[in-house]
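Residue-level structural notes
Residues per chain are reported as follows:
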Amino acid sequence: MAMHGAPMYIAETCPGEIRGTLISMKEAFIVLGMLLGYLVGYLAVDTVGGWRIVYSVAGPIALIMAAGMWWLPSSPRWLLLCACKGRGTMDLAEERAAAAIRRLRGTGVHEQVVSHQLQETRQSLEQVQNEASFSEIFEGGSLKALVIGCGLVLFQQITGQPSVLYYAAAIFQSAGFAAASDATRASVLLGFVKVVMTLFAVWKVDKLGRRPLLITGVTGLVLALFLLTVYYAFVQSFSALAVIALLLYVSSYQVSFGPISWLMVSEIFPLRTRGRALSIAVLLNFAANAVVTFAFSPLEAAIGTAATFLVFGIIGIFALVFVIIKVPETKGLSLEEIEEKLSR
């Protein structure tokens, strides 16, 4: 539920010029949480029942998240959408939406900014008189956005992300990190790389744009998968190659599919169908994650490790072509401008 709601809420409440940075920050804090988990696991690895310590550290953080969300106002766009669907009057919705914008942007926000956002959102909702039907998601601009969003979250998983990360322990063991404490130290290194590269994406996403980060990252991801193929097929004695390929894969993923997929799916869907369409994308993402996770071992047993990574690499080439051909640039555009762009 949080993976569904968080990017949509951020996209609907923040200015377009920093939307990419703020939604990417969500991914940055996720990987920061992973790094915290790796660190706590490393410190508790020799403690009997140490897993309890890991969970006890995570609990208070969840409470802080819950308290913070309770304090935040509703999305101004959601308030206006409710009025368009007959849940309350438009005058009251506009008053509440304006108050939410002032609270989210700070007391110094110019009234012209508030009026402009309200007007822009009203215009995008002019045709909304009732609840969107499920079939509407598969029509016009909604269908175009659904193809882009679902394609991104699908390729995010079927390029091997779950399998490569789950295989990280074996790769580190082959490089000499055999003991449990060694493996946890290697996990901390992996978590640190994920955080650094995600912060790079946060820093650059609103400067460079979504497409350059996706194209560069997916290219690096494909190269890493082919390096893993070469390692397992020909040079297993050269374990440093596997570690380099693993770190390249993680780095490339964290500047591309990691943050940018969630950013894109939170901003490309029309407001009328956004909730349902984003739910489909999230469902597809976790379903693909489960399929890749459970299929990896049987696939590896059937065709071998090298061929498995080769398959992921070939899928990565298709992902790169998909990004180049299908994914639009949304840098600096408001949600309403993106909706108009995709409806052409």
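Residues numbered from 1 in each chain as written. Predicted model: local features only at pLDDT ≥ 70, side-chain atom pairs only at ≥ 80, totals over all residues. Heavy atoms only, no water.

The protein appears in an unreviewed UniProt entry as Major facilitator superfamily (MFS) profile domain-containing protein from Ceratopteris richardii. Looking at the Subcellular location (unreviewed entry) heading of the UniProt record, one finds this comment for the protein: "Membrane". Note on the protein: under the UniProt heading Sequence similarities (unreviewed entry), the record states "Belongs to the major facilitator superfamily. Sugar transporter (TC 2.A.1.1) family." (UniProt positions renumbered as here; feature names shortened; annotations may be inferred.)

Let's talk about the overall build of the protein
Secondary structure summary: the protein contains 16 helices and zero strands in total. Computed over its C-alpha atoms, the radius of gyration of the protein comes to 22 Å, within 12% of the 20 Å expected for a compact globule of 344 residues. C-alpha atoms of the protein, sized along the principal axes, occupy 70 × 45 × 35 Å. Counting every position in the protein, which comprises 344 residues, the buried fraction comes to 47%. (Helix = DSSP H or I, 4+ residues; strand = E, 2+ residues; numbered from the N terminus. Rg over C-alpha atoms; globule rule 2.2 N^0.38 Å. Buried < 20%, exposed > 50% of the residue type's maximum accessible area, 1.4 Å probe, protein only.)

Some words on the packing of helix 1 (residues 2–13) against helix 4 (residues 76–84)
It is the contact of helix 1 with helix 4, at a shortest axis distance of 7 Å, that shows an interaxial angle of 90°. In this view, helix 1 runs roughly perpendicular relative to helix 4, as classed from their interaxial angle. Listed contacts from helix 4 to Ala-11, Glu-12 and Thr-13 of helix 1 are Pro-76, Arg-77 and Trp-78. When the residues that make up the contact of helix 1 with helix 4 are grouped by side-chain class, the tally is three nonpolar, one polar and two charged. (Axes fitted to C-alpha atoms, helices over the stretch in contact; angles between N-to-C directions. Parallel < 35°, antiparallel > 145°, perpendicular 65-115°, else oblique. Contact = heavy atoms within 4.5 Å. Nonpolar A, V, L, I, M, F, W, Y, C, P; charged D, E, K, R; others polar.)

A word on the pattern of salt bridges
Opposite charge on two side chains permits them to pair, given that their charged atoms come into close proximity. In the structure shown here, the tally under the stated rule is five salt bridges. The salt bridge involving Glu-111 is made with Arg-102; its shortest N-O contact spans 2.9 Å. Judged by its relative accessible area of 40%, Glu-111 falls in the partly exposed class. Notably, a salt bridge pairs Glu-267 with Arg-210, separated by 3.2 Å at the nearest N-O pair. Within this pair, whereas Glu-267 is found in helix 13 (residues 257–267), its partner Arg-210 is found in helix 11 (residues 210–234), the two being separated by 57 residues in sequence. Arg-210 shares its class with Glu-267; the two are buried. Via salt bridges that share partners, Arg-19, Asp-206, Arg-210 and Glu-267 belong to a single interconnected network. (Salt bridge = Lys/Arg side-chain N within 4 Å of Asp/Glu carboxyl O.)

Quick notes on helix 5 (residues 90–105)
With 16 residues, helix 5 should reach 22 Å at 1.5 Å per residue; the first-to-last C-alpha distance of 22 Å fits that figure. The complete set of buried residues in helix 5 reads Ala-93, Ala-97, Ala-98, Ala-100 and Ile-101. Along helix 5, the residues classed as buried sweep out an arc of 160° about the axis, all on the same side. In helix 5, the exposed residues that point more than 90 degrees away from the buried face are Asp-91 and Glu-95. Contacts made by the buried residues of helix 5 are with helix 4 and helix 6 (111–124). Positive backbone phi, at 100°, marks Gly-106, one or two positions downstream of helix 5. (Expected span 1.5 Å × (residues − 1). Arc of directions from axis to C-beta.)

Focus on helix 4
With eight of nine residues buried, helix 4 is to be regarded as a mostly interior element. Listing the buried residues of helix 4 in full gives Pro-76, Arg-77, Leu-79, Leu-80, Leu-81, Cys-82, Ala-83 and Cys-84. Its buried side turned inward, helix 4 meets helix 1, helix 5, helix 6, helix 14 (274–303) and helix 16 (335–343). Where helix 4 terminates, the next one or two residues include Gly-86, which has phi positive at roughly 90°.

Quick notes on the layout of surface pockets
The computed volume of the largest pocket comes to approximately 1,700 Å³. What lines the largest pocket is a set of 49 residues, among which Ala-2, Ala-6, Ile-10, Met-65 and Met-69 lie closest to the centre. (1 Å grid on protein atoms, 1.4 Å probe; cavity = no way out; pocket = protein on both sides within 12 Å on 5 of 7 lines; lining within 4 Å. Points joined across faces, edges and corners; volume = space filled by probe spheres on them.)

Here's the deal with the packing of aromatic side chains
The full count for this structure, using the stated rule, is seven aromatic pairs. Their ring planes at 75° and their centres at 6.1 Å tell us that Phe-200 and Trp-203 sit as a pair that is edge-to-face. In this pair, Phe-200 and Trp-203 are both assigned in helix 10 (residues 180–208), three residues apart and thus about one turn of the helix distant. Aromatic side chains Tyr-232 and Phe-309 sit 5.8 Å apart centroid to centroid with 20° between the ring planes, which places their arrangement in the stacked category. Residue Tyr-232 is located in helix 11, and its partner Phe-309 is located in helix 15 (residues 305–326); the two are separated by 77 residues in the primary sequence. The two residues Tyr-232 and Phe-309 agree in class, both being buried. Counting every residue linked through ring pairs, the aromatic cluster contains Tyr-231, Tyr-232, Phe-296, Phe-309 and Phe-312. Seen from the ring of Trp-71, Arg-103 lies directly overhead, with NZ or CZ sitting 4.4 Å from the centre. Here the basic side chain of Lys-204 rests over the ring of Trp-203, its NZ or CZ set 4.1 Å away from the ring centre. (Phe/Tyr/Trp six-rings, centres within 6.5 Å; stacked < 30°, edge-to-face > 60°. Lys NZ or Arg CZ within 6 Å of the ring centre and 35° of its normal.)

A look at the nonpolar core
Leu-152, Leu-246, Phe-257, Ile-268, Phe-269, Phe-309 and Val-327 are the most contacted members of the largest nonpolar core, which has 62 residues in total. Aside from chain neighbours lying at most four places away, what touches Phe-257 is Leu-152, Phe-155, Gln-156, Thr-159, Leu-214, Val-218, Leu-221 and Ala-319. Membership of the second largest hydrophobic core comes to 14 residues, among which are Leu-79, Leu-81, Cys-84 and Val-109. (Core = buried A, V, L, I, M, F, W, Y, C linked by side-chain atoms within 4.5 Å.)

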